[in-house]
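# Summary of the model geometry
Okay, here's what each chain looks like letter by letter:
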Amino acid sequence: MSTVSTVTPGSVSELSARELRRAAWSRWGYRLSVVAGWVVFVGVWYLVARLVLTPQQLPQPHVVAVEAWDVLRLREFGGNFQASILRVAAGFLLALLLSVGLGLLIAYSRWWRRLLGRVLQFVVSIPTVSFAVLSLIVLGISPMGPILNTMIVATPYITTNLAQGLTGVDRRLIVMSESFGRTRAQIIVGVLIPSSLLSILGGARLAFAVAWRVALLTEIFASADGIGLQIRRSFESYDIQGMLAWALLFIVIMLLIENLVLRQVERRLSRWRTPATGVAP
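Residues numbered from 1 in each chain as written. Predicted model: local features only at pLDDT ≥ 70, side-chain atom pairs only at ≥ 80, totals over all residues. Heavy atoms only, no water.

Counting residues in hydrophobic clusters, the biggest one holds 27 residues, and the most contacted among them are Phe77, Ile227, Ile231 and Phe250. Elements that contribute at least two residues to this core include exactly helix 2 (61-72), helix 3 (75-108), helix 6 (144-167), helix 9 (197-222), helix 10 (227-236) and helix 11 (240-277). Sort the elements by how many residues they give to this core and helix 11 lands first, with 8 residues. Not counting chain neighbours up to four residues away, the residues in contact with Ile227 comprise Phe77, Asn80, Phe81, Ser84, Leu216, Glu219, Trp246 and Phe250. Ranked by size, the runner-up nonpolar core spans 9 residues in total, among them Leu104, Ala107, Val191 and Ile200. (Core = buried A, V, L, I, M, F, W, Y, C linked by side-chain atoms within 4.5 Å. Buried < 20%, exposed > 50% of the residue type's maximum accessible area, 1.4 Å probe, protein only. Helix = DSSP H or I, 4+ residues; strand = E, 2+ residues; numbered from the N terminus. Contact = heavy atoms within 4.5 Å.)

Here we take up the side chain of Asn149. Within the secondary structure, Asn149 is located in helix 6. Side chain to side chain, Asn149 and Thr218 meet in a polar contact 3.1 Å long. Excluding residues that lie within four positions of it along the chain, Asn149 makes contacts with Phe131, Ala132, Ser135, Val214 and Thr218. (Polar contact = N/O pair within 3.5 Å; in protein donor to acceptor, adjacent residues only side chain to side chain.)

Counting through the fold element by element, Ser142 comes out in the loop between helix 5 (128-139) and helix 6. Accessibility expressed as a relative area gives 16% for Ser142, which makes it buried. Within the structure, the side chain of Ser142 is placed 3.2 Å from the backbone nitrogen of Met144, a separation counted as a polar contact.

With that settled, the discussion passes to the layout of surface pockets. The calculated volume of the second largest pocket comes to roughly 280 Å³. Lining the second largest pocket are Trp38, Phe41, Val42, Trp45, Pro61, Val64, Leu244, Ala247, Leu248, Ile251, Val252 and Leu255. Broken down by secondary-structure element, the contributors of at least two residues to the lining of the second largest pocket are helix 1 (9-52), helix 2 and helix 11. Per-element tally for the lining of the second largest pocket: the top contributor is helix 11, with 6 residues. Here the residues of the lining of the second largest pocket sort into 12 nonpolar, no polar and no charged. (1 Å grid on protein atoms, 1.4 Å probe; cavity = no way out; pocket = protein on both sides within 12 Å on 5 of 7 lines; lining within 4 Å. Points joined across faces, edges and corners; volume = space filled by probe spheres on them. Nonpolar A, V, L, I, M, F, W, Y, C, P; charged D, E, K, R; others polar.)

This part covers a positive patch on the surface. Where like charges cluster on the molecular surface, the positive patch consists of Arg110, Arg113, Arg114 and Arg118. Here Arg118 is to be found in helix 4 (residues 110-125). Judged by its relative accessible area of 65%, Arg118 is exposed. (Patch = residues over 30% accessible without salt bridge, like charges linked within 9 Å, V, L, I, M, F, W, Y side chains within 5 Å. Areas by Shrake-Rupley, 256 points an atom, 1.4 Å probe, with all protein chains shown as cover. Salt bridge = Lys/Arg side-chain N within 4 Å of Asp/Glu carboxyl O. Lys, Arg positive; Asp, Glu negative; His and termini not counted. Charge placed at Lys NZ, Arg CZ, Asp CG, Glu CD.)

Dropping the structure here:
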């Protein structure tokens, strides 16, 4: 004979507590895996620096950390970092604005979808160093080079995610809006963009991770200031220690912005939208 299990408030509470514990263990497991990955990376760095290469070729991690602290206290660090971060932000915002228009075209026009899909695929397939060299040839030493390269490289990632989010919008919302006499602009601003907001943020976070690398690489080739210029100067003077210190500082700061700002904004908006839509982020 089959037995029928009875659902009681106690069993529901126990199941919820079990799911919460499982989620907590999953979060801690992810954090520990990240820490373990960094420990392995530093350990391999030590081994290569001690056993394979000389200190002039690859300084040990603690030596680079001390040099980075010295660089951080320099007066010129603030000006160079400000120049670099402003270029990353400008290129990233331009890519975000451009991607909104391109995403709408791709989502609701078959002809534009075919054309822009091939163009974006072509842009993604081009090595980023090619953009840096091309900006040096076309623009010379100019602050516009890192900005334009950042915009060009980041746009495909945001556009693709936005187009996927727009195609997943409930068509009934659009029909309802049209029945109430809403204009096309009102539907885009009031329905399409809010409904695909999480897709935009997901693409923006991925694009930002690519954008600051492109901006730094372009500064190395075609910039009169910024952290990329300091890396190039250190390389030209065979100061590998200084070069790694500047690069390390920039990477750490960009990772902090990505994880403490962009990820948190995306997470909060995911929690805010989940009860309303009923769709898991």
